[in-house]
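Structural features, examined
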Amino acid sequence: MSDEQHDQFCKYMRIFSGRLVQSLVQSRQGDFAEQVCVPVSQNKLGSDWFNMRIDEIGEIAAHLKAHVKSYPPFSKLTVEFVLYTAEGKFLPLEAWILRVEENEIDDRINLDSQYHSLSVLLRSVNVAARMTPMHRLYVKKQNSDSFIVMYRLYTTDGISDMGPNARSRQLARLPSIFGTVYLDLIYRTSMHFDEAEKEEEEQNENFPGKPTLKDCEPVLPHKVKSEPELSKKLATSPSSPECSSLGETPRFGMGTSLKNEQEKKKSMDEIDLQTISDFPFRALLQSAYATKSAENLAESPFSPESHQNSAAAAEISAIPEENEEEEKENGGNRLQKSEDSFIELCGFGTSSSNIELGELINSLKIAPDIQTHTISKEQLENELAAFQKQQDDFKDFVEKINKIEDF
Amino acid sequence: MNARQHELRLTVELRQVYEAVQSIIHAVLFHRTLAKFAYQGEKNFSLGSIGIKEVECDHIDLTYARLNSPELSMCVDEDVRQFTHEVEEASYSGSAPRRTPSVGSPTDSAVPLLRAQIGLDFYQKTRRPSTAFGLGMFFGSNQDDTNGMWEQWKLILDVFRVDSFDELQKMKHSVADSIGDIVLNVCEQFNQPVYTPTMPSASEVSNVFDTRFSDCQPYLFKITRQAVPNITLRPNFTQVNFQRLKDVLQI
């Protein structure tokens, strides 16, 4: 056995490892594989190793290159398949372990015979990969809404626990002058989640060099990329805080409760006040108010004096002012009646200011001319004092509204 | 030569016979087929590449892989369809003797029909020299192709019939599990250090390989069907002695 032959054997094993990973991952993609047989003339040198036509998918090759630095016979290679559900659970399903025992030598089998044996083994892999429970149960039915199949590659010892009733098979034992090639398959037969996650954590503690579940690669990366939520989930470990936030159930905003009849009626009355103030011919109503009783109308928060000089305020100025003294005397809700008016209007809330809502809104709509508006310090002080007096009334009003909303 | 013999047993429903046999025979043939040879001279040759094709079963919850050679597939299909037809005929006509099933019934109300057998034999042609005393021709010592049998696969089917849809669904999954186990066992057998015929020279390639197909080259094989098991008869005196003399002369 020369060094050249040994190097050639190592090269065969490295390439075989790549073909093994490609065959296994592609068989789990769920597509119906179909490759034609080609004669020698079309088999370009180096393109169809082991005389078998297998596509070389770049993503798989890149993942292999990134995660596997050493190939058999220098180390063992494990290809592990894991089921990942939409709930964020992982379930190890299968492990394929390729290794070479260099101390088990058979002088009768040379390099060419070993190459032929490896080509038969590659065919076995393609056949056997479709005969496991995982392929029958999950591969053709995976999608990003329910579950997907993922895989990881590593060269360290220790595989994930495949649960009770796991089955182990020695698919290949190929002795040669360079050592014996073994291919083992361990697969799960009991598909339960409970113990798998705990065992995975324990396994990771025992084998620090083993890639974690977040290092798994989906067998269908192009489908996962089209689902941003799923790809975001896969980017984080299940135990990470990011993942826990992703796993939160949506919070449903509850609508307001239905009001009881009385509260409904009250709110309707309040709405009616506002609508009344906006109805047509309200000017007539206003004029009726103006002639009847100037004292009964609440003082506008805006000083009527400031509106006198503006043309826009002409309408408001027609509204009689209310003295503060009158306001204090009256207080509370006052039912304003006009003998000439055919509409009975109620005071708004419990404010003692006797300000009608419609008029307030109208006054707010008509902004005073700033240039003509002069506010003296005394006026401001008076207005502030008036606001402070009305503050308690306002608070009561707010509490009342809040109580209505709580219902 | 002592042939290496493998016996596989499977319980199927009548409608599953065709697909079950196809999946197992193709699994075996896939390992015993090489890419098409191209000889450069008498002893040097190079190989093309083979491809696979996935086939989905209708009556079994299974997808299997076979060699993607339409010619080989047609050749196998002919024998398997004939076998399936014979099994169905024997079941419907009742010509097959009812038997007490040696295996458990797969479902509660499955009715046992018959036990059928299909085999896949790999052989190579050997040329025997003329026998001593010139008796070879008299006893018909023309070249017997099956003398060079080196591997034999025998698939024994226990065929049942179920009437309900639920039971058929149940059998779809159970038979798929069984076929999966069988094929994994087959794969284990192929990847052990076992005998295969040595690569022949250009002039002798047809003694080892079946060269009929344009895109692949399987080892010489033959499919043997036995849909209805024959009752074995005891040979008479003449037949016993004739066979003994034949064996002696072939030594």
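That block above? That's the structure.
Here's what I pulled together on the structure shown here. None of the values given here were measured: they were computed from a predicted structure.

**Some words on the side chain of Thr33 of chain B**
Residue and element names in this part refer to chain B. Summarising the element assignment, Thr33 is placed in strand β2 (residues 33-35). We classify Thr33 as buried; its relative accessible area is 0%. Of the polar contacts made by the side chain of Thr33, one reaches the backbone oxygen of Leu29; its length is 2.6 Å.

**Focus on the sheet that holds strand β10 (residues 221-226) of chain B**
All names here are of chain B. Ordered by their spatial adjacency, 4 strands build an open sheet running β1-β8-β7-β10, and the pairing between neighbours is mixed. Both edges of this open sheet fall to β1 (4-13) and β10, since each of them pairs with a single strand only. The mean angle between the axes of side-by-side strands here comes to 15 degrees, regardless of whether they run parallel or antiparallel. Relative to β10, strand β7 (residues 111-123) runs antiparallel, the two being bridged by 6 bridges. In the strand pairing of β10, Gly119 is matched with Thr224. Relative to the sheet, helix α2 (residues 70-93) contacts β7, β8 (149-161) and β10, its axis offset from that of β10 by approximately 10 degrees. This element, helix α4 (residues 165-190), spans β1 and β8 of the sheet and lies at about 170 degrees to β1.

**So, the sheet that holds strand β6 (residues 217-218) of chain A**
All names here are of chain A. Taking strand neighbours across the sheet as the criterion, the 6 strands line up as β4-β5-β2-β1-β3-β6 in an open arrangement whose pairing is antiparallel. Of all strands in the sheet, those with a lone pairing partner are β4 (167-174) and β6, marking the two edges. With respect to the sheet, helix α1 (residues 3-27) is in contact with β1 (77-85), β2 (90-101), β3 (147-154) and β5 (180-187), its orientation differing from that of β2 by roughly 160 degrees. Along the sheet, helix α3 (residues 111-128) makes contact with β2, β4 and β5, crossing β4 at roughly 155 degrees.

**Regarding the pairing of β3 of chain A**
Residue and element names in this part refer to chain A. The element β3 is extensively covered by neighbouring structure, given that 8 of its 8 residues are classed as buried. Of the two faces of β3, the one lined by Phe147, Val149, Tyr151 and Leu153 and the one lined by Ile148, Met150, Arg152 and Tyr154 are each fully buried. With 8 bridges joining them, β1 and β3 adopt antiparallel strand pairing. Bridge pairing in β3 links Glu80 to Arg152. Sheet topology places β3 next to β6; 2 bridges connect them, and they run antiparallel.

**Overview of the nonpolar core**
It is characteristic of soluble globular proteins that their nonpolar side chains tend to be buried jointly. Formed by 119 residues in total, the largest nonpolar core has its most connected members in Phe81 and Trp96 of chain A together with Ile179 of chain B. In terms of residue count, the dominant contributor to this core is α4 of chain B (11 residues). One finds Val82, Met150, Leu213 and Cys216 of chain A within the second-largest nonpolar core, a separate group that totals 7 residues.

Parameters at a glance
Residues numbered from 1 in each chain as written. Chains lettered and ligands numbered in written order. Predicted model: local features only at pLDDT ≥ 70, side-chain atom pairs only at ≥ 80, totals over all residues. Heavy atoms only, no water. Helix = DSSP H or I, 4+ residues; strand = E, 2+ residues; numbered from the N terminus. Buried < 20%, exposed > 50% of the residue type's maximum accessible area, 1.4 Å probe, protein only. Polar contact = N/O pair within 3.5 Å; in protein donor to acceptor, adjacent residues only side chain to side chain. Pairing = 2+ DSSP bridges. Axes fitted to C-alpha atoms, helices over the stretch in contact; angles between N-to-C directions. Contact = heavy atoms within 4.5 Å. Core = buried A, V, L, I, M, F, W, Y, C linked by side-chain atoms within 4.5 Å.

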